[in-house]
Amino acid sequence: MSNRSSAGPTDVRAHNRDAWNREVERGNEWTLPVGREAIAAARQGEWEIYLTETKPVPRDWFPELEGIDVLCLASGGGQQGPILAAAGARVTVFDNSPRQLAQDRFVADRDGLTIATVEGDMADLSAFADGSFSLIVHPVSNVFVPEVRPVWAEAYRVLRHGGALLAGFVNPTDYVFDPELAEKGVLRVKYALPYSDVSSMSAEERVRRFGQDAALEFSHTLEEQIGGQLDAGFTLTGFYEDYRRDDPIAQYMPSYIATRAVKV
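Residues numbered from 1 in each chain as written. Predicted model: local features only at pLDDT ≥ 70, side-chain atom pairs only at ≥ 80, totals over all residues. Heavy atoms only, no water.

## Topic: the nonpolar core
Heads up, the rule is: Definition used in this section: a nonpolar core is a set of buried Ala, Val, Leu, Ile, Met, Phe, Trp, Tyr and Cys residues joined via side-chain atoms within 4.5 Å. Buried means the residue's accessible area, taken with a 1.4 Å probe over protein chains only, is under 20% of the maximum for its type, while exposed means over 50%, and partly exposed covers the values in between.
Counting residues in each nonpolar core, the largest one holds 33 residues, and the members touching the most others are Trp 47, Phe 62, Leu 65, Val 70, Leu 84, Val 91 and Leu 135. Grouped together as the second largest cluster of nonpolar side chains are 20 residues, Leu 73, Ala 155, Val 158 and Leu 159 included.

Below is the structure:
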């Protein structure tokens, strides 16, 4: 197993921005905007959003949304942000992909919503002042950055005291298995953790397995994901797990974790 740090692009953010722009063109399910019916229902108080793949976020994880400032962090695609805006929140969607942000603007224009969109790196929220938001919604996405602790630190900084961070992330154990064998239902350990598309395999293997243009992924340890939130100053108040659809790993364990953390 290669451990060469030169195996992938040096500018991960630029590579992944381009990769997710292409995912919009391909119609990846996480780039498809919600429909008019979902927006109409949210305006009547009937709504749900997802941090992970199949399980909606518990409604008691949310404050009263009317008039509060919400940051949808690395959450473009026209899904979470428009629903929360229709439910009454003042929403800012922050994402690395211009095409993903365009999906949010599409829904806003179509359905008469007010949504601010900002392009940037989830680990650098310098576009926002301290204490700008009362709620941060951060669905599974920090798998696309090599370091997660700066994400938690910045989220803590821009959140108001008493505000909550709702985050979804990948169970790091998902990355220990040989992905080609897993597709055949065989779970065989191949990679050490933490895993990195850049350093855990050669460039040749990565391109053969995922293609030249695929987004780069990085597992993060639970110490970085959960301990990192605690170290940033958060208090953990909620936790659940979720499973991938149509995945052999789902027969044995969950692939996703979601947390609710409060800035006290």
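## Observations concerning the environment of Phe 234
Note the cut-off: The numbering of helices and of strands both runs from the N terminus, where a helix is a DSSP run of H or I of at least 4 residues and a strand a run of E of at least 2.
As for its position among the elements, Phe 234 is in the loop between helix 8 (222-232) and strand 6 (235-242). For the pair Phe 234 and Tyr 156, spaced 78 residues apart in sequence, the C-alpha separation works out to 7.2 Å.

## What to know about the packing of helix 5 (residues 149-158) against helix 8
To keep it simple, the criterion reads: Each axis is a line fitted through C-alpha atoms, and for a helix only the stretch in contact is used; angles between axes span 0 to 180 degrees, taken between their N-to-C directions. If you view the pair so one helix is near and one far, a crossing is left-handed when the near helix is turned anticlockwise from the far one by less than a right angle, and right-handed when it is turned clockwise. Here, residues are in contact when the closest pair of their heavy atoms is within 4.5 Å. Three classes are used: nonpolar for Ala, Val, Leu, Ile, Met, Phe, Trp, Tyr, Cys and Pro, charged for Asp, Glu, Lys and Arg, and polar for all others, with Gly counted as polar.
Interaxial distance between helix 5 and helix 8 falls to 9 Å at its minimum, and their mutual angle equals 30°. Our pair here, helix 5 against helix 8, has a crossing hand that is right-handed. On the side of helix 5, the interface is formed by Arg 149, Trp 152, Ala 153 and Tyr 156, while helix 8 contributes Glu 223, Glu 224, Gln 225, Gly 227, Gly 228, Gln 229, Asp 231 and Ala 232. The residue inventory of the contact of helix 5 with helix 8, partitioned by class, reads 4 nonpolar, 4 polar and 4 charged.

## Digging into the pattern of salt bridges
Opposite charge on two side chains allows them to pair when their charged atoms are near. Here is the rule: Any carboxyl oxygen of Asp or Glu within 4 Å of a side-chain nitrogen of Lys or Arg constitutes a salt bridge here.
Following the criterion strictly, the structure yields 17 salt bridges and no others. The salt bridge partner of Asp 130 is Arg 157, with a shortest N-O separation of 2.7 Å. Here the residue Asp 130 occupies a position in the loop between strand 3 (115-119) and strand 4 (133-138), and Arg 157 occupies one in helix 5, the gap between them amounting to 27 residues. Asp 130 gets classed as exposed once you look at its relative accessible area, which sits at 57%.

## Overview of the packing of aromatic side chains
Our working definition: Side-chain rings of Phe, Tyr and Trp (the six-membered ring for Trp) are treated as a pair once their centres are within 6.5 Å; stacked means planes under 30 degrees apart, edge-to-face means over 60, and tilted covers the remaining angles. Whether a charge sits over a ring depends on NZ of Lys or CZ of Arg being within 6 Å of the ring centre and within 35 degrees of the ring normal.
Per the counting criterion, the structure on display carries 8 aromatic pairs. Relative to Tyr 240, the ring of Trp 61 has its centre 5.2 Å away and its plane inclined at 45°; by these criteria the two rings are tilted. With Trp 61 in the loop between helix 2 (36-43) and strand 1 (69-73) and Tyr 240 in strand 6, the pair connects residues that are 179 residues apart, well separated along the chain. Overall, the relative accessible area of 8% leaves Tyr 240 in the buried class. Taking 5.2 Å as the distance between ring centres and 80° as the angle between the ring planes, the aromatic pair formed by Phe 128 and Phe 133 counts as edge-to-face. Overall, the relative accessible area of 12% leaves Phe 128 in the buried class. A network of ring pairs unites the aromatic residues Phe 94, Phe 128 and Phe 133 as a single cluster. The side chain of Arg 59 reaches across the aromatic face of Trp 47, ending 4.0 Å from its centre. Above the face of the Tyr 156 ring, Lys 263 is positioned so that its terminal group lies 4.6 Å from the ring centre.

## Description of helix 1 (residues 12-26)
Note the cut-off: Each residue after the first adds 1.5 Å to the expected span of a helix.
In a regular helix each residue adds 1.5 Å, so 15 residues correspond to 21 Å; helix 1 covers 21 Å between its end C-alpha atoms and thus fits that length. Listed as buried for helix 1 are Val 12, Ala 14, His 15, Asn 16, Ala 19, Trp 20, Asn 21, Glu 23 and Val 24. On its buried face, helix 1 sits against helix 4 (98-111). In the stretch just after helix 1, Gly 27 is the one whose phi turns positive, near 80°.

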